[in-house]
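Listed here are the chains, written in short residue letters.
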Amino acid sequence: MAAPKKKLQGLVAATITPMTENGEINLSVIGQYVDYLVKEQGVKNIFVNGTTGEGLSLSVSERRRVAEEWMTKGKDKLDQVVIHVGALSLKESQELAQHAAEIGADGIAVIAPFFLKPWTKDVLINFLKEVAAAAPAVPFYYYHIPALTGVKIRAEELLDGIQDKIPTFQGLKFSDTDLLDFGQCVDQNRQQQFAFLFGVDEQLLSALVMGATGAVGSTYNYLGKKTSQMLEAFERKDFSLALNYQFCIQRFINFVVKLGFGVSQTKAIMTLVSGIPMGPPRLPLQKASREFTDSVEAKLKSLDFLSFTDLKDGNLEAGS
Ligand SMILES: CC(=O)N[C@H](C=O)[C@@H](O)[C@H](O)[C@H](O)CO
Ligand SMILES: CC(=O)C(=O)O
């Protein structure tokens, strides 16, 4: 059994992996990045080496080094560090899971293998179980992201009886818009203390209504504070205020989605907002264009989303 731990809740930032202009991982800014999340965004939980972190584009040794750096720099500052250890190779995944345990991670998460794929729930569970067993004292999260893995096994089905197979199972990161599936995950597991972490930032309010206990996302890197205001309004049952916040966030996400939004763009936005150089993404991703960054900057200002002193060219005065 996993050591009893505080349940993971609230916002979890899916961290970017900073890179140098030459395409090497850039560990030197991670200390600054931790401070930015904690102090400027009020976000104290992170999800490392996931989609946003280009985890599947890094070598195993890079993934280990990135995870170590977050653990070291986050010590005594962050509440929980969850490390994504999913890989196509079961062996690599187990190696990463064991490594996460060794460095004291608060959780591990795994996506479905996405090249040679599991076609049934039982096969997927068996894969996850073998990974989880490599870190028998670490809380385990299944990371459901069917649009990227192509594995469409419904989360609700997967969760049915999962703790019998994976005793460390502690929760679900649900990155899909199927709120029937998500709602049924919550509804059918009310007796458990699972974390239900939603991963579609622009729809978080709907997921809160369905029983989400937290959220993992890329936008909490720079919209953490704004999203926390939404969570607080929801907690106070001030739904119209919560909806205002959600719409405000949606206006921004809708704007970037229309320009073409993904991990590369997240890197550019975070560089702009935090002033910390995130660098380019790694191939097959391509760096966001200058035009993208310029229009995003204008949009963020018009939405009054930033205290503009945070902007790296900080000559614009504080908003909000
Ligand atoms: C596919 C993807 O990267 N999803 C992220 C996390 O699951 C989200 O945080 C999105 O970036 C966000 O919801 C914007 O669409
Ligand atoms: C968004 C998210 O959870 C990820 O980057 O993996």
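What counts as what
- Residues numbered from 1 in each chain as written.
- Chains lettered and ligands numbered in written order.
- Predicted model: local features only at pLDDT ≥ 70, side-chain atom pairs only at ≥ 80, totals over all residues.
- Heavy atoms only, no water.
- Pairing = 2+ DSSP bridges.
- Helix = DSSP H or I, 4+ residues; strand = E, 2+ residues; numbered from the N terminus.
- Axes fitted to C-alpha atoms, helices over the stretch in contact; angles between N-to-C directions.
- Contact = heavy atoms within 4.5 Å.
- Buried < 20%, exposed > 50% of the residue type's maximum accessible area, 1.4 Å probe, protein only.
- Right-handed = clockwise from strand over helix to strand, strands pointing away.
- Near = heavy atom within 4 Å.
- Polar contact = N/O pair within 3.5 Å; in protein donor to acceptor, adjacent residues only side chain to side chain.
- Areas by Shrake-Rupley, 256 points an atom, 1.4 Å probe, with all protein chains shown as cover.
- 1 Å grid on protein atoms, 1.4 Å probe; cavity = no way out; pocket = protein on both sides within 12 Å on 5 of 7 lines; lining within 4 Å.
- Sits in = over half its atoms within 2 Å of the grid points.
- Nonpolar A, V, L, I, M, F, W, Y, C, P; charged D, E, K, R; others polar.
- Salt bridge = Lys/Arg side-chain N within 4 Å of Asp/Glu carboxyl O.
- Parallel < 35°, antiparallel > 145°, perpendicular 65-115°, else oblique.
- UniProt positions renumbered as here; feature names shortened; annotations may be inferred.

Undergrad: Whenever I open this one, the sheet that holds strand E7 (residues 195–198) confuses me. Can you help?
TA: Whenever strands of a sheet pair, they do so through backbone hydrogen bonds, lying parallel or antiparallel. Read around the barrel, eight strands follow the order E1-E2-E3-E4-E5-E6-E7-E8 and close on themselves; strand pairing throughout is parallel. Each strand axis lies, on average, 25 degrees off the axis of its neighbour in the sheet, ignoring direction. Of the strand pairs in this sheet, E7 and strand E8 (residues 214–217) are connected by two bridges, and their pairing is parallel. Paired with Phe 198 across the two strands is Ala 215, which belongs to E8. Each of strand E5 (140–144), strand E6 (169–174) and E7 touches helix H8 (residues 179–187); the most contacted strand, E7, lies at about 160 degrees to it.

Undergrad: How should I be thinking about the pairing of E6 in this particular structure?
TA: The two faces of the sheet receive side chains in turn, since in a regular strand these alternate between them. For E6, a buried count of six out of six residues is recorded, marking the element as mostly surrounded by other parts of the structure. When E5 meets E6, the two strands line up parallel, connected through five bridges. Residue pairing in the sheet places Tyr 143 in a bridge with Lys 173 of E6. Where E6 lies against E7, four bridges are found, and the strand directions are parallel. Each bridged residue has a counterpart across the sheet, and for Lys 173 the counterpart in E7 is Leu 197. Handedness of the crossover is the feature at issue here: the chain leaves E6, passes through H8, returns alongside E7, and the resulting connection is right-handed.

Undergrad: How should I be thinking about the site of ligand 2 in this particular structure?
TA: The environment of ligand 2 is formed by Ala 14, Phe 47, Gly 50, Thr 51, Thr 52, Tyr 143, Lys 173, Val 216, Gly 217 and Ser 218. Side-chain polar atom of Lys 173 to an oxygen atom of ligand 2: 2.8 Å apart, as the coordinates give it. Coverage of ligand 2 by the protein amounts to 94% of the 210 Å² it exposes when considered alone. At a threshold of 2 Å from the grid points, most atoms of ligand 2 map onto the largest pocket. Classifying every residue of the shell around ligand 2 gives four nonpolar, five polar and one charged.

Undergrad: Even after reading the chapter, I still don't get the pattern of salt bridges, so can you show me in this structure?
TA: One side chain can pair with another of opposite charge once the charged atoms of both are near each other. In the structure shown here, the tally under the stated rule is eleven salt bridges. With a closest N to O distance of 3.9 Å, Glu 21 and Lys 287 form a salt bridge. Of this pair, Glu 21 sits in the loop between strand E1 (10–14) and helix H1 (30–41) while Lys 287 sits in the loop between helix H12 (263–274) and helix H13 (290–302), and the two are 266 residues apart along the sequence. Under the relative-accessibility criterion, Glu 21 is labelled exposed at 60%. With a shortest N-O distance of 3.0 Å, Arg 290 and Asp 294 are connected by a salt bridge. Residue Arg 290 and its partner Asp 294 are both found in helix H13; the two are separated by four residues, about one turn of the helix.

Undergrad: Sorry if this is basic, but what is going on with the site of ligand 1 here?
TA: The local shell around ligand 1 consists of Thr 51, Ile 145, Lys 173, Ser 175, Gly 199, Val 200, Asp 201, Glu 202, Gly 217, Ser 218 and Phe 261. Between ligand 1 and the protein, one listed contact pairs an oxygen atom with a backbone N or O atom of Gly 199 at 3.0 Å. Contacts to ligand 1 include Ser 218, whose side-chain N or O atom sits 2.7 Å from an oxygen atom. Across the complex, the protein chains shield 79% of the 390 Å² of accessible surface that ligand 1 would expose by itself. More than half of the atoms of ligand 1 fall within 2 Å of the grid points belonging to the largest pocket. Across the shell around ligand 1, the residue classes break down as three nonpolar, five polar and three charged.

Undergrad: Got a minute to help me understand the packing of helix H3 (residues 90–102) against helix H4 (residues 121–132) in this structure?
TA: To describe two helices that pack against each other, one gives the angle between their axes and the distance between the axes. Taken N-terminus to C-terminus, the directions of H3 and H4 make an angle of 40 degrees; their axes are 8 Å apart at the nearest point. The angle between H3 and H4 falls in the class oblique. Contacts from Leu 90, Ser 93, Gln 94 and Ala 97 in H3 reach Phe 127, Glu 130 and Val 131 in H4. Among the residues forming the contact of H3 with H4, the class breakdown is four nonpolar, two polar and one charged.

Undergrad: Looking at this model, I keep getting lost on the UniProt feature "binding site: pyruvate" (unreviewed entry) in the protein chain. Mind explaining?
TA: Taking the UniProt record as the reference, the feature "binding site: pyruvate" (unreviewed entry) is found at Thr 52 and Val 216. Spatially, the listed residues are clustered: although they cover 165 residues, their C-alpha atoms lie within 10.6 Å of one another. Lining the largest cavity, out of the annotated residues just given, are Val 216. Checked against the element boundaries, Thr 52 lands in the loop between strand E2 (45–48) and helix H2 (60–74). Accessibility expressed as a relative area gives 8% for Thr 52, which makes it buried. If you trace the backbone, Val 216 turns up in strand E8. Beyond its immediate chain neighbours, meaning those up to four positions away, Val 216 contacts Val 12, Ala 14, Phe 47, Lys 173, Leu 197, Phe 198, Gly 199 and Asp 201.

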